[in-house]
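Breakdown of the fold
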Amino acid sequence: MHELFLTASVKPGDFDTACAILQGLSWMTARRTIYRILFFAGPPQAKGLPNTPPPSVLPRQEKQLWAELSKQLLRSSYILQATYEVTPETDFGKESTMDFNRLPATLRWTDLPDPLRDSPITSRKKIDVPLPHSVPGILMGNGQTYTNELIQESYSFNRGDLEIVLSRYYHLPESQGRPIAHLPAWNDLRPVDPAQKWVLNVKLNVAEDGQPEKLTKANEELMRNKAEFEKLFDFKVVDRRVFDTRIAPPPVIPGRGPP
Amino acid sequence: MSSLGLSQDELKAVEQTRQRLSQLSSSLNSLKNDVFISNPLPNLDSLQASADILNHNVHAILEILAQNNTLFGRVAIHPSTNFPGRTQENILLQLLRKKPEPDVEAAMDEGKRTLASMPWPSQTQSVITTSWDKEKETVLEDIWGGTRDACQMRINEYVMHEESDSFTAEEHEFGIENVRTGLQRSFDDEYEDEDDEMEEDEAEGAPTAGNADPDLMIIDRPPPPPAPAVSTQEVDGATLETVMRLATRGRFTG
């Protein structure tokens, strides 16, 4: 799948107005979702995903996605994300511990975006594999190591195929080499951005890979929407290296060949 | 039925119109009640939902009217012979009235006036007279003509006086020697060199990658240098890039 999106920043003071306007444009109330995102890093030498999960974990219809992901991870190692939906009322500030291997999660991979060519649209390949459970176990069994975690709070609107998402990220307290056992209370989270700005993304997905004419069409559609939205939001051209998920291979010393 | 002289289908069209009108009327009534009863006014969601419903209702009516345009054009309505015309005169008058009631007519006129004053000439052409049209066109032409003249004057000034200036007004204000151009050599030298390179490139039709200084790394898009004397980090918190980078990789290192 390919995703195309525009990026802008919204000040906390403008958030309510932005939501009201987006609500009017999309004829829907914002959907609030909170994700706990675990980040995993692949080994320095790309090895793909050698261990395919059993059919009890990987439904048949997702098998192709898994194969495609494995192919991408053979080319280079990447940072992968496992996202868990959480709620402030039940998951934060409680004694309970989330058992990541028993909860459903989405395994996300995104590629380095395509070169920009002076367009504010970021366009990149992505693969989302929804899995019913055991995501950390499967990833570790495939040579991926847990690195860190973040909380994402987002409000999203849909207008036709267009997805409009306002997100904010929060740090979780340090926890040596594994996700923290008890999430702190929602109000004690430390925002990634001290000014608490929101990141606005206006997104379109192109389900088919390898169909440049569909990408061009989506690009045009997004630009049409940009013309409408840019009276409200200041879209930024974001350097594609900001979205670089690749893991640098170990340095090769010239003359000695790969180790 | 036969006395009406309508076929089954035609009768169905009339019946459908009646149903849709009654739906519209009840939707309008419920909105009216909502607005009257709720204090404070109903929230944005419910108003939007009502507007959505009304929109659908009107759309459905328009659709039926358009489909059965010819039928409704020739159907004449008259009361049945056994209708108690004398006792129910009021309702008869109301039903058989051909002109809209005065207050409805006033509302319709207001709507027409609003439509005529909308700035889309193509949609209102049928409503307004040609002389009015002409007048409006001249006014518009004047506005656009003035705008074009102003633009041209500004462009002239830019080409004559400002085009060779590589710095923005803000940079001039802070002093151009403080501007971080991101270049190792002085700005003017680099500018001339680049000019030469550009000419060579045009001749060869190849990108600049080959002939650069071997010590210089080519980056696919160097970010613009931050404006001098403004530290965005302190004023606005983390930059958009920083947040996005962290959201992409989970941490800054590794």
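Up top is the structure.
Since the model is a prediction, treat every value here as computed from it, not as a measurement. (Residues numbered from 1 in each chain as written. Chains lettered and ligands numbered in written order. Predicted model: local features only at pLDDT ≥ 70, side-chain atom pairs only at ≥ 80, totals over all residues. Heavy atoms only, no water.)

**Here's the deal with the overall build of chain B**
A tally of regular secondary structure across chain B gives 11 helices and 0 strands. Helices (α) and strands (β) of chain B occur, in sequence order from the N terminus, as α-α-α-α-α-α-α-α-α-α-α. Out of the 254 residues in chain B, the part that is buried amounts to 15%. The contacts of chain B with a sequence gap of at least 6 include a subset with a gap of at least 24, amounting to 40%. (Helix = DSSP H or I, 4+ residues; strand = E, 2+ residues; numbered from the N terminus. Buried < 20%, exposed > 50% of the residue type's maximum accessible area, 1.4 Å probe, protein only. Contact = heavy atoms within 4.5 Å.)

**With respect to empty space enclosed by the protein**
With a probe scaled to a water molecule rolled over the atoms, the places where space remains empty come into view. This structure, assessed with the given rule, holds 1 cavity of 30 Å³ or more. Taken as a whole, the largest cavity holds about 70 Å³ of empty space. Residue lining of the largest cavity: A:Ser9, A:Ser167, A:Arg168, A:Tyr169, A:Val192, A:Asp193, A:Lys197, A:Trp198, A:Val199, B:Ala238, B:Leu240 and B:Val243, and that is the complete set. With 3 residues, the top contributor of residues to the lining of the largest cavity is strand β7 (residues 162–171) of chain A. Tallied by class, the residues present in the lining of the largest cavity amount to 7 nonpolar, 2 polar and 3 charged. (1 Å grid on protein atoms, 1.4 Å probe; cavity = no way out; pocket = protein on both sides within 12 Å on 5 of 7 lines; lining within 4 Å. Points joined across faces, edges and corners; volume = space filled by probe spheres on them. Nonpolar A, V, L, I, M, F, W, Y, C, P; charged D, E, K, R; others polar.)

**Focus: the packing of helix α1 (residues 8–37) of chain B against helix α2 (residues 44–67) of chain B**
Residue and element names in this part refer to chain B. Contact pair α1 / α2: the axes reach a minimum separation of 9 Å and the direction vectors enclose 160 degrees. Considered as vectors, α1 and α2 are oriented roughly antiparallel to each other. Crossing of α1 over α2 shows left-handed handedness. Facing Ala 13, Gln 16, Thr 17, Arg 20, Leu 21, Gln 23, Leu 24, Ser 27, Leu 28 and Leu 31 of α1, the residues of α2 in contact are Leu 47, Ser 50, Ile 53, Leu 54, Asn 57, Val 58, Ala 60, Ile 61, Ile 64 and Leu 65. The residue makeup of the contact of α1 with α2, split by class, is 13 nonpolar, 6 polar and 1 charged. (Axes fitted to C-alpha atoms, helices over the stretch in contact; angles between N-to-C directions. Parallel < 35°, antiparallel > 145°, perpendicular 65-115°, else oblique. Left-handed = near helix turned anticlockwise from the far one by under 90°.)

**Side note on helix α2 (residues 63–75) of chain A**
Since the α-helix packs 3.6 residues into each turn, any two residues three or four apart lie on the same face. Residues and elements named next belong to chain A. The end-to-end C-alpha distance of α2 is 19 Å, a good match for the 18 Å that 13 residues give at a rise of 1.5 Å each. Those residues of α2 that sit buried are Trp 66, Leu 69, Ser 70, Gln 72 and Leu 73. Along α2, the residues classed as buried sweep out an arc of 160 degrees about the axis, all on the same side. Those residues of α2 that are exposed and angled more than 90 degrees off the buried face are Gln 64, Lys 71, Leu 74 and Arg 75. As for α2, its buried residues are in contact with β3 (77–86), β4 (105–110), β5 (122–131) and α4 (135–141). (Expected span 1.5 Å × (residues − 1). Arc of directions from axis to C-beta.)

**Some points on the interface of chain A and chain B**
Facing 37 residues of chain A, the contacting portion of chain B comprises 23 residues. For the pairing of chain A and chain B, the buried interface totals around 2,700 Å² over both sides, and the portion due to carbon and sulfur atoms is 59%. Our count for the contact surface shared by chain A and chain B stands at 0 salt bridges. Counting the contacts that link chain A with chain B gives 7 residue pairs in polar contact (both at pLDDT 80 or more). Broken down by secondary-structure element, the contributors of at least two residues to the side of chain A that touches chain B are β1 (2–10), α1 (15–26), β3, β6 (145–159), β7, β9 (198–206) and β11 (246–247) of chain A. Its residues assigned to classes, the side of chain A that touches chain B shows 16 nonpolar, 11 polar and 10 charged. (Buried area = accessible area lost by both parts, 1.4 Å probe. Salt bridge = Lys/Arg side-chain N within 4 Å of Asp/Glu carboxyl O. Polar contact = N/O pair within 3.5 Å; in protein donor to acceptor, adjacent residues only side chain to side chain.)

**Re the pattern of salt bridges**
Residues and elements named next belong to chain A. Summed over the entire model, instances satisfying the criterion amount to 18 salt bridges over all chains. Across the salt bridge formed by Asp 128 and Lys 126, the nearest N and O atoms sit 4.0 Å from each other. The class for Asp 128 is partly exposed, based on a relative accessible area of 25%. For the salt bridge of Lys 197 with Asp 193, the shortest nitrogen-to-oxygen distance reads 2.9 Å. As far as the burial class goes, Lys 197 and Asp 193 line up, both buried. Taken together, the shared-partner salt bridges connect Glu 3, Arg 108, Arg 124, Lys 126 and Asp 128 into one network.

**Thoughts on the pairing of β7(A)**
All names here are of chain A. With 9 of its 10 residues buried, β7 lies for the most part within the structure. Summarising the sheet, β6 and β7 pair through 10 bridges and their orientation is antiparallel. Within β7, the residue paired with Arg 159 across the bridge is Leu 162. The hairpin formed by β6 and β7 contains 2 residues between the paired strands, and Gly 160 there has a positive phi angle of roughly 60 degrees. The sheet contact formed by β7 and β9 spans 5 bridges and is antiparallel. (Pairing = 2+ DSSP bridges.)

**With respect to the nonpolar core**
Residue and element names in this part refer to chain A. Ranked by size, the top nonpolar core spans 34 residues in total, and within it Leu 69, Tyr 84, Phe 92, Leu 107 and Ile 151 carry the most contacts. Counting only elements with at least two residues in this core, the list comes to β2 (31–41), α2, β3, β4, β5, α4 and β6. Here the element with the most residues in this core is β3; it accounts for 5 residues. What Tyr 84 contacts, discounting residues up to four positions off in sequence, is Ile 34, Tyr 35, Arg 36, Leu 38, Met 98, Phe 100, Leu 103, Pro 104, Ala 105, Val 135 and Pro 136. One finds Ile 121, Tyr 155, Ile 164 and Phe 235 within the second-largest nonpolar core, a separate group that totals 24 residues. (Core = buried A, V, L, I, M, F, W, Y, C linked by side-chain atoms within 4.5 Å.)

**Focus: the side chain of A:Glu149**
All names here are of chain A. With respect to the helices, strands and loops of the structure, Glu 149 is situated in strand β6. Accessibility expressed as a relative area gives 4% for Glu 149, which makes it buried. Side-chain polar atoms of Glu 149 contact the side chain of Arg 36, separated by 2.7 Å. Among the polar contacts listed, one links the side chain of Glu 149 to the backbone nitrogen of Ile 180, at a separation of 2.8 Å. Those residues within four positions of Glu 149 in sequence are excluded, and the remaining contacts are Arg 36, Ile 37, Leu 38, Phe 39, Leu 172, Pro 179 and Ile 180.

On their own, these measurements won't tell you what the molecule is for.
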